[in-house]
Amino acid sequence: MAEADRDQLMTIFDRLFTAYGPRHWWPARTPYEMMVGAILTQNTAWTNVEKAIRNFEDQLSPEFVAAVSLEELAGIIKPCGYFNQKARHLKHLTSWFEAYDYDVSLVTRVDEQRLRQELLAVKGVGPETADSILLYALEQPFFVIDAYTRRLLTRLGWEVPVKYDQLQLMMEASLPRDTHLYGEFHALIVEHAKRHCRKSPACLDCPLEDLCRQRLA
DNA sequence: GCCCAGGGAATCG
DNA sequence: CGATTCCATGGG
């Protein structure tokens, strides 16, 4: 059955890639900016994150975030919502990064499973954010699970585990362990969700229409 | 005015 | 453990 899962997943990947093309994720100039974006985008529209990042005005660096006051930081990221919490979370994440001298090449020397545990220990970093950082900033093969992934698999008629780690395990067991594939796949799922099936049941030109067993979720 | 967006922590049973 | 509740802005 794992083989059938793999075939269907690769079919979906091919359909989405053909429909939407390479996504060039994550949209960020540096790995640190990517990490910041991962915190800021939590339960928040990306357009608001762009406004928040723009407010840094070329000052977005770990040194700046470490030095700036909590109040000022909250003011800068205001457009992305939850700014008081997220300001604290950015400080915590930056403290973690500081232990590696703000150097990604030093971070990636550490065992990847240990890195995941370290990230999960940072306040404001849950499984999805940790895996996003691992995948897109640190280029480690962790498949990112989100609400869109769950909805897509549910529509395909899959039995989707409730627990994050269990679903991630299922996906990683069904796919070749490939950082680029994971990154492209997750980005395609998000792109697909933005374009289709957000509202029921009108799914015009949906590249997965014939595969859906459930109309909506 | 209502709904939701690329979640996660704190609290409570 | 699972289930609530809170966090907050901007666009449709």
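Keep in mind that what you see is a predicted model, and the values were worked out from it rather than measured.

1. Here we look at helix α6 (residues 83–98)
The end-to-end C-alpha separation of α6 is 22 Å, in line with the 22 Å expected for 16 residues at 1.5 Å each. Those residues of α6 that sit buried are Lys86, Ala87, His89, Leu90, Lys91, Leu93, Thr94, Trp96 and Phe97.

2. Re the protein's contact with DNA strand C
Around DNA strand C, the structure places Asn43, Asn48, Lys51, Lys78, Pro79, Gly81, Tyr82, Phe83, Asn84, Gln85 and Lys163. Looking at DNA strand C alone, sugar and phosphate atoms form 59% of those within 4 Å of the protein. Backbone polar atom of Phe83 to a phosphate oxygen of DNA strand C: 3.2 Å apart, as the coordinates give it. When residues of the surface near DNA strand C are traced back to their parent elements, those giving at least two are α3 (46–54) and α6. Within the surface near DNA strand C, the residues separate by chemical class into three nonpolar, five polar and three charged.

3. Here's the deal with the nonpolar core
Burial of nonpolar side chains together is a common tendency in soluble globular proteins. One finds Leu40, Ile77, Leu93, Trp96 and Phe185 to be the most contacted residues of the largest nonpolar core, which totals 65 residues. It is helix α2 (residues 31–40) that contributes the most residues to this core, seven residues altogether. Counting contributing residues, this core receives three or more from each of domain 1 (2–24 + 144–211) and domain 2 (31–137). With near-sequence residues (within four places) excluded, Leu40 lies in contact with Val49, Ala52, Ile53, Ile77, Cys80, Lys86 and Leu90.

4. Here's the deal with the domain arrangement of chain A
Here the domain parsing of chain A yields domain 1 (2–24 + 144–211) and domain 2 (31–137). Just the C-alpha atoms count here: the centres of domain 1 and domain 2 sit 26 Å apart. Contacts between the two partners involve twelve residues from domain 1, matched on the other side by eight residues from domain 2. When the two sides are added together, the surface that domain 1 and domain 2 hide from each other amounts to roughly 780 Å², 55% of it contributed by carbon and sulfur.

Conventions and cut-offs
Residues numbered from 1 in each chain as written. Chains lettered and ligands numbered in written order. Predicted model: local features only at pLDDT ≥ 70, side-chain atom pairs only at ≥ 80, totals over all residues. Heavy atoms only, no water. Helix = DSSP H or I, 4+ residues; strand = E, 2+ residues; numbered from the N terminus. Expected span 1.5 Å × (residues − 1). Buried < 20%, exposed > 50% of the residue type's maximum accessible area, 1.4 Å probe, protein only. Near = heavy atom within 4 Å. Polar contact = N/O pair within 3.5 Å; in protein donor to acceptor, adjacent residues only side chain to side chain. Nonpolar A, V, L, I, M, F, W, Y, C, P; charged D, E, K, R; others polar. Core = buried A, V, L, I, M, F, W, Y, C linked by side-chain atoms within 4.5 Å. Domains from an automatic or database assignment. Contact = heavy atoms within 4.5 Å. Buried area = accessible area lost by both parts, 1.4 Å probe.

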